[in-house]
Each structure stands twice: as structure tokens, then as C-alpha cells.
Amino acid sequence: MDASLQTPALEARNLVLSWDGGETIVARDISLTVNESETVCLVGKSGCGKTTILHALAGLTRPLSGAVVLEGQDVTGTPGHISYMLQKDLLIPSKKVIDNAALPLVLTGVPKKEARERAGILFERFGLAGTENSWPYQLSGGMRQRVAFLRTYLMGNKVVLLDEPFSALDALTRHDLRNWYKSMAQQLGLASLMITHDVDEAVAMSSRIYILRGNPGAGVPSTITAEIEVPQQEAGAEKDFELSYEFIDCKRRVTELLM
Ligand SMILES: Nc1ncnc2c1ncn2[C@@H]1O[C@H](COP(=O)(O)OP(=O)(O)O)[C@@H](O)[C@H]1O
Ligand SMILES: [Mg+2]
């Protein structure tokens, strides 16, 4: 089906955002779509307002104006419809890995034993088998990120927002996790919006990229200045994509648009 005829899984319509009730505008005219089973990136420099946008999309804050629309329904300012993984989404150090993962279920009233069982069933699929009773500090950064993603998945929504999910990891772990996330998101049928300042990450992971520019700290509200289609690699060639001409050319275009 022509993607343009689909109702998007997530749509932002002309959002205007401020953290102080309107005195400082962080971002304006933020309009974007994420289709079913698609991963889209919003790329911008640090401080340009990415996290502010994500909070509004997740319903954690209310935009000054504009709407957040989920499968055609207005959900502006109401949390609980969209799953999110925050930038500082550290696991709770005093809870075992299984209880960190099961937290969203417990928070919605599922009894602890049942929540553990329901989370536990997914450990193998998320590459976490055997870590259930470990403490977060015993896991590598990459494994902790998988737990954080499992926890996000257990929030139970088809639309997922990710705030710089791989930025604290070393390059090789990041590379592995990108490919892992892409295949997991496809298998699970998630529509993902990832925000990042990392151009490599954006090109490697998404089918479309929105460029966010501005400097709200200096009084220039950010806005989306371009939308780029990322050339898609052939199935099976994912490993070499990041070395291909198409990848590097796309990266150059995105970098130029950010400068
Ligand atoms: N609660 C707040 N108080 C003061 N300034 C804020 C607050 N929230 C965001 N800002 C400012 O808004 C701008 C955008 O921040 P943020 O959304 O975190 O950017 P990014 O995620 O792109 O790095 C920055 O200039 C930041 O300093
Ligand atoms: Mg941020």
C-alpha cells in the first residue's frame, strides 16, 4: 500500500513547545509522521530541543499548541499511549534485572509474581537469558540497554520513542545494538521514533530522517528544516551497509543539512 495513504502510527501536528509556559519557545511547527513498523529519526545538535519534543510526544508534557495523534486519535498531553525510553533511563540499581524489566507491568497493577513471569518469558528473545536474577551493575552497558528496551516494550504500546538510546555505549557495542534493535523492532512490529545527534546512527537505523535546527538557548526556536529518505539496503547486506557508497553519501547530505 502507498505509505502516503496510510493513517500514520504517530503524527505530530504543528507542535509549539516551551518549558516555561511560553516565554522561551524551544521548538515550533514540529510536524512529523511515523508509519506502522517504521523507524524514523529526528536528528539535531545537542540543546536544540530533541528531548523536549520527545516528552511532548510521550504525553509527559503538553505543547503550547498543536496535536499529538496516535492512529488518528488525539492523545495530546496524555501519557500511557506511547512507550518511551528516556535518555537517562538508568535501571534501578537496587532491583534485580527481572524486576527492572517487569516494572511497567507492576506499575499498571499486575501482581509481582505474574509480572515477573510475563517479563521472564521474553528474556531469551531479547538476548537476556540467564540474567534474570543479576543486579544491573553486573551487566555490560549493551545488556543494560537491552533490559531498558525490554522494559520499554513491556509498557505495551506499538509506538516507541527512544531518546539517544546508544549514546553512552562504546562504538562496537553501539554497532551491534543498532542492528539488533532494527531486527527486533521489525519482528515486534513497532513504529519507532528515535532522536539522536549521531548522524551515523540515524542513517544506519531509519528509513526517513527529519533534520531539526535552531538554537533555543540563544533565542532561536528549533524547527524541522528537511526530511530525507534513507536508501534501503538489500536484505542480508545490513552488515556492509555502513561501508557502502549509499550510506556515506546519505551521511554527507544529513551532515551538510545540520551545519
Ligand atoms: N526545564 C528547563 N529549564 C531550563 N531550560 C530548559 C529546560 N528544559 C529544556 N531547557 C532548554 O531547552 C533547550 C532544549 O533542551 P533539550 O530538549 O534537552 O535539547 P536536546 O535534547 O536536543 O539536547 C536547551 O537550551 C535547554 O537548556
Ligand atoms: Mg536530549
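Read on for an overview of the structure. Here the residue index of a chain counts from 1 through its sequence in written order. Numbering of ligands from 1 and lettering of chains from A proceed in the order in which they are written. Confidence filtering applies because this is a predicted model: local features only for residues at pLDDT of at least 70, side-chain atom pairs given and counted only at 80 or more, and all residues used for totals across whole chains, interfaces and linings. Think of the side-chain values as coming from all heavy atoms in the structure, minus any hydrogens and water.

### Re the site of ligand 1
Our working definition: Note on terminology: near, applied to a residue and a molecule or strand, indicates that one of the residue's heavy atoms is within 4 Å of it. In the analysis that follows, any N or O atom pair within 3.5 Å is treated as a polar contact, provided that within protein one partner can donate a hydrogen and the other can accept it, and provided that, for residues neighboring in sequence, both atoms belong to side chains. Areas reported as accessible are Shrake-Rupley estimates using a 1.4 Å probe. Residue values count occlusion only from the protein chains shown. The nonpolar class holds Ala, Val, Leu, Ile, Met, Phe, Trp, Tyr, Cys and Pro. Asp, Glu, Lys and Arg form the charged class, and all remaining residues, Gly among them, are polar.
Within the structure, ligand 1 sits among Trp-19, Val-26, Lys-45, Ser-46, Gly-47, Cys-48, Gly-49, Lys-50, Thr-51, Thr-52, Pro-216 and Gly-217. In this structure, Trp-19 approaches ligand 1 through a side-chain N or O atom, which is 3.2 Å from a nitrogen atom. In this structure, an oxygen atom belonging to ligand 1 sits 2.8 Å away from a main-chain N or O atom of Lys-50. Protein chains shield 61% of the accessible area of ligand 1, which is 560 Å² for the free molecule. Residue composition of the shell around ligand 1, grouped by class: four nonpolar, six polar and two charged.

### Regarding the packing of helix α4 (residues 141-153) against helix α5 (residues 171-188)
In a packed pair of helices, the relevant descriptors are the angle between the two axes and the axis-to-axis distance. Rules: Angles here are taken between N-to-C directions and fall from 0 to 180 degrees, while the axes themselves are lines fitted to C-alpha atoms, restricted in helices to the stretch in contact. Only DSSP runs of H or I reaching four residues or more are called helices, and only runs of E reaching two or more are called strands; each is numbered from the N terminus. Each angle gets one of four labels, with under 35 degrees taken as roughly parallel, over 145 as roughly antiparallel, 65 to 115 as roughly perpendicular, and the rest as oblique. Handedness of a helix crossing follows the sense of rotation of the near helix relative to the far helix, less than a right angle counterclockwise being left-handed and clockwise being right-handed. Contacts are assigned to residue pairs with any non-hydrogen atoms lying within 4.5 Å of each other.
At a minimum axis separation of 11 Å, α4 and α5 run at an interaxial angle of 20°. Judged by the inter-axis angle, α4 sits roughly parallel to α5. The interaxial crossing formed by α4 with α5 has right-handed handedness. Touching Gly-142, Gln-145, Arg-146, Phe-149 and Tyr-153 of α4 are Thr-173, Leu-177, Trp-180, Tyr-181, Met-184 and Leu-188, all from α5.

### Observations concerning the packing of aromatic side chains
Where we set the bar: Note on ring pairs: Phe, Tyr and Trp rings are taken, using the six-membered ring of Trp, and paired if centres are within 6.5 Å. Classes follow the plane angle, with under 30 degrees stacked, over 60 edge-to-face and the rest tilted. Exposed residues in this analysis have more than 50% of their type's maximum accessible area, buried residues have under 20%, and partly exposed residues fall in between, with area computed by a 1.4 Å probe over protein chains only. Both a distance and an angle decide whether a charge sits over a ring: NZ of Lys or CZ of Arg must be within 6 Å of the ring centre and within 35 degrees of the ring normal.
One pass over the full model with this rule turns up six aromatic pairs. Note on Phe-126 and Phe-149: the rings are 5.5 Å apart at their centroids and 45° apart in plane angle, and the pair reads as tilted. With Phe-126 in the loop between α3 (112-120) and α4 and Phe-149 in helix α4, the pair connects residues that are 23 residues apart, well separated along the chain. Considered together, Phe-126 and Phe-149 belong to a single accessibility category, that of buried residues. When the centroid spacing of 5.2 Å and the interplanar angle of 85° are considered together, the rings of Phe-241 and Phe-247 count as edge-to-face. Each member of the pair, Phe-241 together with Phe-247, is buried. Chaining the aromatic ring pairs together yields one cluster made of Phe-126, Phe-149, Tyr-153, Trp-180 and Tyr-181. It is Arg-146 that lies over the ring of Trp-180; its NZ or CZ is 4.6 Å from the centre.

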